Amino acid sequence: MLTWSERQTGGGAGETVPRAVVIGEVAQAHDGSLGAAHAFIDAIATAGGDAVKFQTHIAEAESTPAEPWRIRFSYQDATRYDYWKRMQFTEEQWLGLKHHADERGLLFLSSPFSIEAMELLQRIGVTAWKVASGELSNLAMLERMAATGLPVLISSGLSPLAEIDRAVTLCISRGVTPTVMQCTSAYPCPPEKVGLNMIPLFRARYRCPVGLSDHSGTIYPGLAAAALGIDVLEVHVTLSAEMFGPDVSASVTTSGLRELVRGVRFIETMRMHPVEKDALAEQMEPLRALFTKSVACRIDLPRGTILRREHLTVKKPGTGIPPARLDDLPGLRLCRTVRADELLSENDLERV
């Protein structure tokens, strides 16, 4: 099974090409169905994702019956607390999901929402810690995460810079370099709130890996972020835009995820291969002859003709005198008879 760092360098023996780790975020899209959770693992792996991410909720440890709904979407749960209860999997079930992810070559991640959930995930074996936006101020849990030595991914969706500063400082003080992810906790997130400008700001401010946790429900922010050179990209995933759940409008379909991964890899390849224009033009020389033009005669002209501008035109292919020299030729004499549409060469001309 590949490690987090191996995923970031292409995963092959001796490969060191930086690549973004693309995370398919399931969150609560499984709606409490273990079978659906397993289906998401297969779908994300087939789409070319690098990691699958869930959320681990233990209702008694993180919530109270007084917790309000973000969106009242459930027809079967009287309270948000009841919803979290229904979303829970047993430790054995979590272990099964982790093994399934391993089998499909995916990194296994899940955001814990309590110390108890973190301890469960530590026993299961996550590849890295993903700190949800609402947990960034939970320094006790962040401290315990950093103490494990695993990579820490920080979502910044609800936090001012001072709070992000504190979390980054804590991680670094424990010997862990975090990945700071631009995130806006809006579902779906409109384009004017995606905040791509924060990605280079985070990289310069913290001198650490950076990423985007996107809730737009489209592939566009992820592609734009890849062009900036991110290290991690996380998107919510749904099996269908017609599924039930609070995050469907903020999710890409698995076919959208496949296209997103292809686009990210395409962009990374472009960024890793800067072009030297003159060298590229030399490589294009065979095509240049096909697509460019040369100076040709408009009409039949006998040997000895003194060329005038109206005698000349430019036509394909580009194997003769280049069009840039068209205005240099009037006043020269033909050394041979030339037919209409015949390309001129330097040997056909002489000065008077």
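Residues numbered from 1 in each chain as written. Predicted model: local features only at pLDDT ≥ 70, side-chain atom pairs only at ≥ 80, totals over all residues. Heavy atoms only, no water.

Some details on the overall build of the chain
No. 1: Counting its secondary structure elements, the chain contains 13 helices and 13 strands.
No. 2: A compact globule built from 352 residues should have a C-alpha radius of gyration of about 20 Å, whereas the chain, at 30 Å, is more than 25% larger.
No. 3: Split into buried and exposed, the 352 residues of the chain put 47% on the buried side.
No. 4: Of all intrachain contacts in the chain linking residues separated by at least 6 positions in sequence, the fraction that spans at least 24 positions is 65%.
No. 5: Taking the average location of the 37 positive side-chain charges in the chain and that of its 42 negative ones, the two points are 8 Å from each other. (Helix = DSSP H or I, 4+ residues; strand = E, 2+ residues; numbered from the N terminus. Rg over C-alpha atoms; globule rule 2.2 N^0.38 Å. Buried < 20%, exposed > 50% of the residue type's maximum accessible area, 1.4 Å probe, protein only. Contact = heavy atoms within 4.5 Å. Lys, Arg positive; Asp, Glu negative; His and termini not counted. Charge placed at Lys NZ, Arg CZ, Asp CG, Glu CD.)

Quick notes on the pattern of salt bridges
No. 1: All chains considered together, the criterion is met by 25 salt bridges.
No. 2: Between Lys85 and Glu60 there is a salt bridge, with the nearest N and O atoms lying 2.6 Å from each other. Taken together, the residues span a long stretch of sequence, with Lys85 in helix α4 (residues 80-87) and Glu60 in helix α3 (residues 59-62) at a distance of 25 residues.
No. 3: Looking at Glu60, the relative accessible area reads 47%, which means it is partly exposed. (Salt bridge = Lys/Arg side-chain N within 4 Å of Asp/Glu carboxyl O.)

Details of the layout of surface pockets
No. 1: The volume enclosed by the largest pocket comes to roughly 630 Å³.
No. 2: Lining the largest pocket we find 32 residues, and of these Gln55, Arg70, Arg80, Phe113 and Tyr187 sit closest to its centre.
No. 3: With three residues, α4 is the largest single contributor of residues to the lining of the largest pocket.
No. 4: Considering only residue class, the lining of the largest pocket consists of 11 nonpolar, 11 polar and 10 charged. (1 Å grid on protein atoms, 1.4 Å probe; cavity = no way out; pocket = protein on both sides within 12 Å on 5 of 7 lines; lining within 4 Å. Points joined across faces, edges and corners; volume = space filled by probe spheres on them. Nonpolar A, V, L, I, M, F, W, Y, C, P; charged D, E, K, R; others polar.)

Notes on empty space enclosed by the protein
No. 1: Under the criterion given, the structure shown has two cavities of 30 Å³ or more.
No. 2: Of the volumes computed, that of the largest cavity is approximately 70 Å³.
No. 3: Together, Val26, Gln28, Ala29, His236, Val237, Thr238, Phe244, Gly245, Pro246, Asp247, Val248 and Ser251 line the largest cavity.
No. 4: The leading source of residues in the lining of the largest cavity is strand β8 (residues 232-238), at three residues.
No. 5: Among the residues making up the lining of the largest cavity, the classes are represented as six nonpolar, five polar and one charged.
No. 6: Considered as a void within the structure, the second largest cavity measures approximately 30 Å³ in volume.

Points about helix α9 (residues 198-206)
No. 1: Of all the residues in α9, the buried ones are Met198, Ile199, Phe202 and Tyr206. The arc that holds the buried residues of α9, viewed along the axis, is 105 degrees, so those residues lie on one side.
No. 2: Lining the buried residues of α9 we find α8 (161-173), β6 (179-183), β7 (210-214) and α10 (220-228).
No. 3: Looking at the residues trailing α9, positive phi occurs at Arg207, about 50 degrees. (Arc of directions from axis to C-beta.)

Brief notes about the pairing of strand β5 (residues 152-155)
A regular strand carries its side chains on alternate faces of the sheet.
No. 1: Here β5 shows a buried face lined by Val152 and Ile154 and a second buried face lined by Leu153 and Ser155.
No. 2: Sheet topology places strand β4 (residues 129-131) next to β5; three bridges connect them, and they run parallel. Counterpart to Lys130 in the pairing with β5 is Leu153.
No. 3: Of the crossover connections in this fold, the one passing from β4 over helix α7 (residues 139-147) to the parallel β5 is right-handed. (Pairing = 2+ DSSP bridges. Right-handed = clockwise from strand over helix to strand, strands pointing away.)

Structural notes on α4
No. 1: Within the sequence span of α4, burial applies to Arg80, Tyr81, Tyr83, Trp84 and Met87. All buried residues of α4 fall inside an arc of 155 degrees around its axis, so they share one side.

Observations regarding unusual backbone geometry
Note: most residues except glycine have negative phi, and most peptide bonds are trans.
No. 1: A cis amide bond links Tyr187 with the next residue in sequence, Pro188, at an omega value of -5 degrees.
No. 2: Following Lys316, the chain continues to Pro317 via a peptide bond in cis, the omega torsion being 5 degrees.
No. 3: Relative to the helices and strands, Pro317 is located in the loop between β11 (312-315) and β12 (333-334).
No. 4: Unusually for a residue other than glycine, Asp31 sits at a positive phi of about 55 degrees.
No. 5: With respect to the secondary-structure elements, Asp31 resides in the loop between β1 (21-27) and α2 (34-46).
No. 6: On the accessibility criterion, Asp31 (24% relative accessible area) is partly exposed.
No. 7: Positioned with a positive phi, Asp341 is a non-glycine residue whose angle comes to about 70 degrees.

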